[in-house]
Amino acid sequence: MFGTHFRIAGVVALAATLLAGTAAAQEFTARIGHLESPQQARHQGLEMVADLVKERTKGAVEFTIYPAGQLGQAREMNEGVQLGVIEGTVSPAAFLAGFNPAVSILDVPFLYPADREKASELRSGPFGDAVLESFEPLGFKAVAIWPNGRKSFTSNKPMESVDAFDGQRFRVMDSQVLMAQFNAVGASAVPLPFGELYTALQTGVVDGQENALDTIATMKYNEVQKNLLVSGHGANEDVVLFNPAWWNSLPAEYQTVIVEAFDEVRPKVEAIKEASQDKALETLKDAGMNVRELTDEERQTMREKMYPKARDAYLAQAGEAGKTIVDAYEAQYKKVTGEN
C-alpha cells in the first residue's frame with residue numbers, strides 16, 4: 001500500500017516536473033517580422049539567430065520568424081513593435097527615419113571604409129552603440145545593426161571620373177542627406193518613389209540612380225541603363241528592434257544571449273549578401289553593361305567631397321542626438337582607419 005502510494009506520488013512529481021519544464025520552454029516567445037523573402041540574407045540570418053537563442057536558453061526563448069511582409073509593411077511592423085502588437089522586427093534603416101531622424105546617419109555616403117572588417121568594428125563599437133541608443137526614447141529596444149549590401153551608381157551618361165557627375169540627374173529617396181550627397185559633386189538629386197524609377201530611367205526623367213547590385217539586377221535596370229560604377233559608397237543597413245516591455249521582461253542573461261547571437265551571426269549575413277552581390281555583378285556584366293570599379297584614389301576624392309556636405313545635412317535634421325552620433329563616429333573612424 002505504502003509502495004503504491006509512493007509510486008503514485010513519484011509519478012505526480014515527475015509529471016509536475018515535466019509540466020514545469022514545458023512551461024519554461026515556452027516562457028518567452030517573440031514574433032519577428034521582416035520584408036525579405038526566405039531565400040534572402042536577412043531571413044537566413046534570423047533563422048540562425050533563432051536556433052542559437054533557443055539552444056543557449058535551453059528552449060526558454062523562442063523566435064518565430066515571419067518573412068515577406070506577413071505581419072505588414074515596414075511602417076506597420078515598426079509601429080507594431082512600438083505598441084507591443086509584435087515583439088520584434090528587422091527593418092531597413094531607410095524606413096526608420098520617420099520614427100528616428102538620428103538613424104539617417106546611415107544614409108551618409110562613404111560612412112564605412114571599403115574594408116569589411118573595419119566596417120564591422122564601427123558597427124559593433126561606440127558608433128554603433130550610439131545609433132542603437134538613439135532608439136530608446138522612441139519606444140524601441142535596438143540591439144544590432146546588420147549589413148544588407150552597399151550601393152553603387154548607374155547612369156546613361158559616362159561616370160569615368162568624379163567630375164563626370166557634374167550636371168547629371170540622379171533619383172534619390174526623399175532624403176536631405178542623399179540630396180546633399182549628389183549636390184556635393186554637382187549632380188541634381190530628384191526624389192522619386194521606387195516604383196517609378198524604371199520608367200524615369202527609361203524616359204530620361206533622370207540620368208541615373210543608386211542601389212545595391214542585386215537590386216539593380218532584380219529590377220532589370222540594365223535594360224534602361226548603360227553604365228555601372230561599382231562604388232560601394234552607400235551602406236544599406238538593417239536595425240534589429242524589439243518591444244521594450246517584452247525585452248525588459250527577459251532575465252538579463254537571456255538578453256545577453258540574444259545580443260550575442262545577433263552579433264555572432266552578423267558576419268554570416270554579410271557573407272550571404274556579398275555572394276548575392278557578386279552573382280548580380282556577373283549578371284549585369286553578361287547583360288552588356290559598361291562596368292567600372294571605383295579606384296581607391298577616386299573613393300578618397302568622392303568621400304572628401306560628399307561626406308562633409310551629407311554629414312552637415314544630417315546634423316541639421318538630427319539635432320543633439322545626431323551630434324552625439326557624429327562625434328562618436330568621427331572619433332572611431334579615425335581610430336579604425338587612421339583617416340580623418
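Above this text sits the structure in question.
Presented here is a report on the structure given in the accompanying data block. (Residues numbered from 1 in each chain as written. Predicted model: local features only at pLDDT ≥ 70, side-chain atom pairs only at ≥ 80, totals over all residues. Heavy atoms only, no water.)

Concerning the overall build of the protein
Put simply, the rule reads: Each helix is a run of H or I in the DSSP string that is no shorter than four residues. Each strand is a run of E no shorter than two, and both are numbered from the N terminus. Only protein chains enter the accessibility calculation, which uses a 1.4 Å probe; a residue whose area is less than 20% of its type maximum is buried, one above 50% is exposed, and one in between is partly exposed. Here, residues are in contact when the closest pair of their heavy atoms is within 4.5 Å. Only the protein chains shown count as cover for residues, with accessible areas throughout obtained via the Shrake-Rupley method and a probe of 1.4 Å. Note on charges: Lys and Arg go in the positive column, Asp and Glu in the negative column, and His and the chain ends are not counted at all. Lys charges are placed at NZ, Arg charges at CZ, Asp charges at CG and Glu charges at CD.
From N to C terminus, the protein includes eleven helices and nine strands. Projected onto the principal axes, the alpha-carbon positions of the protein cover approximately 95 × 45 × 35 Å. A burial count over the protein gives 50% of its 340 residues as buried. The contacts in the protein between residues at least 6 apart in sequence include a share of 73% that link residues at least 24 apart. On the protein, roughly 15,700 Å² of surface is accessible, and the fraction owed to carbon and sulfur atoms is 53%. The positive charge centre, built from 32 side chains, and the negative charge centre, built from 46, are 1 Å apart in the protein.

Side note on the packing of helix α4 (residues 116-124) against helix α5 (residues 126-133)
The line we're drawing: Axis angles are defined between N-to-C directions and span 0 to 180 degrees, where every axis is a line fitted to C-alpha atoms and, for a helix, only to the segment in contact. By definition in this entry, angles of less than 35 degrees are roughly parallel, angles greater than 145 are roughly antiparallel, angles of 65 to 115 are roughly perpendicular, and the rest are oblique.
Contact geometry for α4 and α5: axes closest at 3 Å, N-to-C directions at 45°. Put simply, α4 runs oblique to α5. Each of L122, R123 and S124 in α4 lies in contact with α5, whose residues at this interface are F127, G128 and D129.

Concerning the side chain of Q168
Tracing the backbone shows Q168 in the loop between β4 (141-155) and β5 (169-172). Taking relative accessible area as the criterion, Q168 reaches 1% and is therefore assigned buried. Look past the residues within four positions of Q168 in its chain and what remains in contact with it is S155, K157, P158, M159, A187, S188 and D207.

Considering the environment of D238
Our working definition: Polar contacts here mean pairs of N or O atoms no more than 3.5 Å apart (in protein, one a potential hydrogen donor and the other a potential acceptor; neighbouring residues in sequence count only if both atoms are side-chain atoms).
Along the chain, the position of D238 falls in strand β8 (residues 227-242). Taking the relative accessible area as the measure of exposure, D238 reaches 2% and is therefore buried. Not counting residues within four places of it along the chain, the set of residues in contact with D238 comprises R42, V90, S91, P92, A93, A144, I145, W146 and N148. Reaching out from D238, the side chain makes a polar contact with the side chain of R42 at a distance of 2.7 Å.

Focus: α4
One full turn of an α-helix is made of 3.6 residues, so residues set three or four places apart face in the same direction. Put simply, the rule reads: Arc definition: directions from the helix axis to the C-beta atoms.
Those residues of α4 not exposed but buried are A119, L122 and R123. Buried positions in α4, seen along its axis, are confined to an arc of 100° and lie on one side of it. Buried residues in α4 make contact with α5, β4, β8, α10 (252-286) and α11 (296-337).

Comments concerning the pairing of strand β7 (residues 208-212)
Sheet faces and side chains relate simply in a regular strand, where the side chains alternate between the two faces. Basically, it comes down to this: A pair of strands counts as paired when DSSP detects no fewer than two bridges linking them.
Of all five residues in β7, five are buried; the element is thus mostly enclosed. Bridge analysis of β4 against β7 gives five bridges, and the strand direction is antiparallel. The partner of S152 across the bridge, within β7, is N211.

Some points on the environment of V103
Inspection of the secondary structure assignment puts V103 in the loop between β3 (88-92) and α4. Here the alpha-carbon distance between V103 and A93, two residues ten residues apart in the chain, equals 6.6 Å. If we skip the residues at most four places from it in the chain, V103 touches A93, L96, A97, V131, F135 and V239.

A short note on helix α6 (residues 176-183)
Extensive coverage of α6 is indicated by the burial of six of its eight residues. Listing the buried residues of α6 in full gives V177, L178, M179, A180, Q181 and F182. Packed against the buried residues of α6 are β4, β5, β6 (188-191), β7, β8 and α11.

Honestly, that's just the spatial picture; any functional story needs more than this.
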